Amino acid sequence: MTPPSSNRTASGTRRGLATEAVRAGHRQSVDDQHSEALVLTSSYLFDDSHDAAEKFAQRRPGNVYVRFTNPTVRAFEERVARLEGAESAVATASGMAAFLAVSLGLLRGGDHVLLAEGVFGTTTRLYAHYLDRFGVMTTVVPVTDPAAWARAMRAQTRMLVVESPTNPVMAVADIRYLAELAHAAGALLLVDNTLCTPVFQQPIVFGADLVLHSAGKYIDGQGRCGGGVVAGRAGLISELHGVLRTAGPSLSPFNAWIFLKSLETLPVRMRAHDANTAVVAAWLADQPDVRAVHYTGSADHPQRELVAAQQSGHGGVISFELYGGQQASWSFVDRLELVSNTTNIGDTKSMITHPASTTHGRLTPAQRDSAGVTDGLLRLSVGLEDVEDIVADLARAFAATRPAGARAR
Ligand SMILES: *Cc1c(COP(=O)(O)O)cnc(C)c1O
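Residues numbered from 1 in each chain as written. Predicted model: local features only at pLDDT ≥ 70, side-chain atom pairs only at ≥ 80, totals over all residues. Heavy atoms only, no water.

Draft legend 1. Focus on the overall build of the chain. Per the secondary structure count, the chain includes 15 helices and 12 strands. The C-alpha radius of gyration computed for the chain amounts to 22 Å, which stays within 12% of the reference 22 Å derived for 409 residues, consistent with globular compactness. Principal-axis analysis of the C-alpha atoms places the extent of the chain at approximately 85 × 50 × 35 Å. Taking all 409 residues of the chain together, the buried fraction comes to 53%. Considering only contacts in the chain between residues 6 or more positions apart, those separated by 24 or more positions represent 74%. Of the roughly 17400 Å² of accessible surface on the chain, a fraction of 52% belongs to carbon and sulfur atoms. (Helix = DSSP H or I, 4+ residues; strand = E, 2+ residues; numbered from the N terminus. Rg over C-alpha atoms; globule rule 2.2 N^0.38 Å. Buried < 20%, exposed > 50% of the residue type's maximum accessible area, 1.4 Å probe, protein only. Contact = heavy atoms within 4.5 Å. Areas by Shrake-Rupley, 256 points an atom, 1.4 Å probe, with all protein chains shown as cover.)

What follows is the structure, encoded as structure tokens:
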């Protein structure tokens, strides 16, 4: 179990985010290694039978078995907790396993969940399809309409689940408002912070109870491993640890080690993604083939005041809509040479996706429509290549897609 963390050192100095990203959770081992160790072991030796009994009963802290205790995983959990300003964190096998652990740990049949419209497609499916079978009721609410959230609350509402900004259309949830709404009804607010990361947004500061990440996105940042993590108050997180111990969707120590090393460069990488993305978004907004660009950094983002209050940056995910629907989008994607056609986000490599036929393909046309996922929409995760090369690739693909005779502005 992760001990409560604080942003203060032994001498009481407050540390900055970049320092925590590099240092938090580090434990000195008997071998004095400076870089965090990858501890690959399924079980642990006990001092004696009494020690084993005490550790099994959780009366004494210590390692028991890899499904629920591992030093490398614990170091990763502690680092994420510090970065999010949370007391504690728990790591899981994937982002969806994190949602599953939250649901098994904190919901029961008869509970009601409010889910933001336009969240990750699989998240919607988990609640609306699977949890529904166990009597957990879900209402999908437009993320940008505060009054709709207030109206959707019921006596049984136990949790509000949002992603901010939502992907792909970059709608922003008012975290402070939703936290107050939830707390007034004795419910919890969960914010999926995968896109902004704690570098650009710390939902707990605005009152969120739980912050969730798909760790394979920006936390890994190099498209290698799957994993998830949830941060929050120690009492809530220990319920989720109980789910891991009992049901087993735990994070592999190897993946935890990758993430731990990746977190050291998270602030640097996020600022570099942010800088490249600002250039790409501004360039796209100027293209005659583009009907709209969805980017929280746009001067004309419909919620720019809320964005400024909540986010200190915009990250690397944007989307844009082409005139010409699916045919134009597919033909544009198929002509890119540098940018990869793959459905992930948060890699050093730039990646493009046509959500309507992939990530959101299992939604009904009506669900896609209300989530803003049109046939002409493309999601772009801007990587860390030279930005001139990214723009040149997009320009080349636009030129190759245009009918003969048409010219770029
Ligand atoms: C990818 C993603 C998830 C799901 O995480 P997995 O690690 O793929 O299970 C959840 N939320 C967001 C915002 C994501 O991008």
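Draft legend 2. Geometry of the packing of aromatic side chains. All told, the structure shown has seven aromatic pairs when counted by the stated rule. Relative to Phe-332, the ring of Phe-320 lies with its centre 6.1 Å away and its plane at 90°, an arrangement referred to as edge-to-face. Of this pair, Phe-320 sits in strand 9 (residues 317–322) while Phe-332 sits in helix 13 (residues 325–334); the two residues are 12 residues apart in sequence, bridging distant segments of the chain. With respect to class, Phe-320 is no different from Phe-332; both count as buried. Connected via pairs of aromatic rings, a cluster forms that spans Trp-283, Phe-320, Phe-332 and Phe-398. (Phe/Tyr/Trp six-rings, centres within 6.5 Å; stacked < 30°, edge-to-face > 60°.)

Draft legend 3. Structural detail: a nonpolar patch on the surface. Side chains of Leu-38, Leu-40 and Phe-254 sit close together on the surface and give an oily, nonpolar patch of about 280 Å² of accessible area. With relative accessibility at 30%, the residue Leu-38 sits in the partly exposed group. (Patch = residues over 30% accessible without salt bridge, like charges linked within 9 Å, V, L, I, M, F, W, Y side chains within 5 Å. Salt bridge = Lys/Arg side-chain N within 4 Å of Asp/Glu carboxyl O.)

Draft legend 4. Local environment of the domain arrangement of the chain. Domain boundaries in the chain define domain 1 (17–263) and domain 2 (266–401). The straight-line distance from the C-alpha centre of domain 1 to that of domain 2 is 27 Å. Taken together, the contact between domain 1 and domain 2 spans 40 residues of the former and 40 residues of the latter. Between domain 1 and domain 2 lies a buried interface of about 3200 Å² when both sides are counted; carbon and sulfur atoms form 60% of it. (Domains from an automatic or database assignment. Buried area = accessible area lost by both parts, 1.4 Å probe.)

Draft legend 5. Main features of the environment of Arg-368. Turning to its location among the elements, Arg-368 is positioned in helix 14 (residues 365–370). Separated by 12 residues in the primary sequence, Arg-368 and Ala-356 place their C-alpha atoms 7.2 Å from one another. Apart from the residues lying within four places of it in its own chain, the contact partners of Arg-368 are Ala-356, His-360, Gly-361, Leu-363 and Val-373.

Draft legend 6. Summary view of the sheet that holds strand 7 (residues 228–232). Taken in spatial order, the seven strands line up as 1-7-6-5-4-2-3 in an open sheet, and their pairing is mixed. Edge positions in the open sheet fall to strand 1 (88–92) and strand 3 (137–141), since each of these has one partner strand only. Going from strand to strand, the sheet's axes swing by 20° on average, the running direction of each strand aside. Pairing analysis gives five bridges linking strand 2 (residues 112–116) to strand 3, with the strands arranged parallel. Each residue of the ladder has a partner; that of Ala-116, found in strand 3, is Val-141. Each of strand 4 (157–163) and strand 5 (188–192) touches helix 7 (residues 175–184); the most contacted strand, strand 5, lies at about 150° to it. (Pairing = 2+ DSSP bridges. Axes fitted to C-alpha atoms, helices over the stretch in contact; angles between N-to-C directions.)

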